[in-house]
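Next come the chains, spelled out residue by residue.
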Amino acid sequence: ALLWATFSLGRRLFGARAGFLASLVLVTAFGPFICTRILIPDMMVGLWLTLSFDFFLRTLEEDPPSRLSCWGLAAVTGVNLLTKGLIGLVFPVATIGLFLLLTGRLKHLLRMRLVSSTVVLLAVAAPWHILASLANPAQGDSRGFAWFYFINEHVLRFLGRRYPKDYYAEPLLTFWGVTFLWLAPWSAFLLQGLGRIPRKLTEIRQGLDARGRARLLFGLWAAVILVFFSFSSRQDYYLAPALPALAL
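Residues numbered from 1 in each chain as written. Predicted model: local features only at pLDDT ≥ 70, side-chain atom pairs only at ≥ 80, totals over all residues. Heavy atoms only, no water.

(A) Just unusual backbone geometry, in detail. Of note, the bond from D63 into P64 is cis; its omega dihedral lies within 30 degrees of zero at 0 degrees. On the secondary structure map, P64 appears in the loop between α4 (42–61) and α5 (67–84). (Helix = DSSP H or I, 4+ residues; strand = E, 2+ residues; numbered from the N terminus.)

(B) Representation of the pattern of salt bridges within the structure. A full pass over the atoms with the stated rule returns seven salt bridges. The shortest N-O distance in the salt bridge between R12 and E61 comes to 2.9 Å. On the criterion of sequence distance, the pair formed by R12 in helix α1 (residues 2–14) and E61 in helix α4 is long-range, its members being 49 residues apart. Of the residues examined, R12 reaches a relative accessible area of 29% and is grouped as partly exposed. Between D54 and R58 there is a salt bridge, and its shortest N-O distance comes to 3.2 Å. Here D54 and its partner R58 are both found in helix α4, four residues apart, which amounts to about one turn of the helix. In this structure R58 comes out as partly exposed when scored by relative accessible area, which is 29%. Each of the salt bridges in this network shares a partner with another, and the network as a whole consists of R12, D54, R58 and E61. (Salt bridge = Lys/Arg side-chain N within 4 Å of Asp/Glu carboxyl O. Buried < 20%, exposed > 50% of the residue type's maximum accessible area, 1.4 Å probe, protein only.)

(C) Inspection of helix α8 (residues 144–158) at higher detail. Taking 1.5 Å as the rise per residue, α8 with 15 residues should run 21 Å; its terminal C-alpha atoms sit 20 Å apart, in good agreement. Those residues of α8 lying buried are G144, F145, Y149, N152, E153, H154 and L156. Residues of α8 that are buried make contact with α5 and α7 (114–135). Of the residues one or two after α8, G160 is the one with positive phi, at around 75 degrees. (Expected span 1.5 Å × (residues − 1). Contact = heavy atoms within 4.5 Å.)

(D) Quick look at the nonpolar core. By size, the foremost hydrophobic cluster in this structure holds 54 residues, and its most contacted members are F56, L57, F99 and F218. Contributing elements (two or more residues each) for this core: α1, α2 (16–28), α4, α5, α6 (87–102), α9 (172–182), α12 (210–230) and α13 (243–247). Sequence-distant contacts of F99, defined by excluding residues within four places in its chain, comprise F56, L60, R213, L216, L217 and L220. Of all hydrophobic cores here, the second largest spans five residues; its members include A74, L81, L121 and A125. (Core = buried A, V, L, I, M, F, W, Y, C linked by side-chain atoms within 4.5 Å.)

(E) Spotlight on the packing of α1 against α2. At a closest axis distance of 6 Å, the pairing of α1 and α2 adopts a crossing angle of 150 degrees. With respect to their mutual orientation, α1 and α2 come out roughly antiparallel. When you trace α1 past α2, the crossing you get is right-handed. Across from L2, L3, T6, F7, G10, R11 and F14 in α1, the residues of α2 making contact are A16, A18, G19, F20, A22, S23, L26 and V27. Residues that form the contact of α1 with α2 fall into these classes: ten nonpolar, four polar and one charged. (Axes fitted to C-alpha atoms, helices over the stretch in contact; angles between N-to-C directions. Parallel < 35°, antiparallel > 145°, perpendicular 65-115°, else oblique. Left-handed = near helix turned anticlockwise from the far one by under 90°. Nonpolar A, V, L, I, M, F, W, Y, C, P; charged D, E, K, R; others polar.)

This is the structure in structure tokens:
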């Protein structure tokens, strides 16, 4: 599914050859191979992010943004929340927010059917969280599911104070450097690819074509994940959701 989503997005934005090469990177690179041989949800998070940003880029192309694109973005974000917790919401919101801020298009948020999209998001993600909290209330020494899920597994994990302390944080340089390992043997083209991302604010503000917008969004997608986990309890596989962006 991730390969199809990556190919489809790449083909729509850059042509069939680019879509094929991006999916080829993912199917042959070292990181996706390793991260799909153990039972972790991180490559699935990459799938939901790929679909989310596909829907978002469509809202930029449509006038006005369609219900399908806005509600599709909300629904996929809800599924991402169910897949790996609050990062499923943090990553798309932070990436899209930074993109709109840099491009001077914050008003675009008002066109994205925020009320109905929020209802769709909650309809997908809220029931399980509510039912799990009701089924596992605080009892005795147990603080209950809500505390365990939201505080222990999110806030305290990010701060490196999660209980029990059964993990470690990789050194920052190792964490960033493993990106080249995860994309091997295609790492040789990584710097060249990153160099195509618009970097000058004046260039970004003056207006980008569809390809320029996509490159900027993909760069922010990868950067948000790298920077976010740089301040957290770092594990090398946390980078997996950024791999589709780098492949594209």
